[in-house]
Amino acid sequence: MRNSLVFLLLLAIGVAAFTLGYTRGWIRFVDPSRESHPIRGIDVSHHQGRIDWRQVGAAGIRFAFIKSTEGESLQDPRFAHNAAA
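Residues numbered from 1 in each chain as written. Predicted model: local features only at pLDDT ≥ 70, side-chain atom pairs only at ≥ 80, totals over all residues. Heavy atoms only, no water.

Participant: Before we move on, can you summarise the packing of aromatic side chains with the specific residues and values?
Facilitator: Scanning all chains against the criterion turns up 2 aromatic pairs. Summarising the aromatic geometry, the rings of F18 and Y22 are spaced 6.1 Å apart at their centres and angled 10° between planes, so their arrangement reads as stacked. In this pair, F18 and Y22 are both assigned in helix α1 (residues 2–23), 4 residues apart and thus about one turn of the helix distant. Summarising the aromatic geometry, the rings of F63 and F65 are spaced 5.6 Å apart at their centres and angled 90° between planes, so their arrangement reads as edge-to-face. (Phe/Tyr/Trp six-rings, centres within 6.5 Å; stacked < 30°, edge-to-face > 60°. Helix = DSSP H or I, 4+ residues; strand = E, 2+ residues; numbered from the N terminus.)

Participant: Outline the environment of L20, listing residues and values.
Facilitator: Relative to the helices and strands, L20 is located in helix α1. In this structure, the C-alpha to C-alpha distance between L20 and W53, residues 33 residues apart in sequence, is 24 Å.

Participant: If you had to explain the pairing of strand β2 (residues 61–66) to someone new, which residues and values would you point to?
Facilitator: Residues in a regular strand point their side chains to alternate faces of the sheet. Where strand β1 (residues 40–44) meets β2, 5 bridges bridge the pair, whose relative direction is parallel. In the sheet register, V44 faces β2, and the bridge partner there is I66. Of the crossover connections in this fold, the one passing from β1 over helix α2 (residues 53–58) to the parallel β2 is right-handed. (Pairing = 2+ DSSP bridges. Right-handed = clockwise from strand over helix to strand, strands pointing away.)

Structural data, given as structure tokens:
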């Protein structure tokens, strides 16, 4: 019983640490070298919410793919704002 509780506690700590690292950008699954891929871009849609485009530019991002539609009926409600910004 005690070993199971210790295991669950360590598992919960590990999951929390991984989640924090992933959401803060400390853990990345795809991050090509800046030497071989110096031009950086992002992919955005309404899922990211309001985007601080000045901060994006300051981070060295030079282009963005901006979602406009999905299928025939869904139009991204943030497209016009993101495209203008």
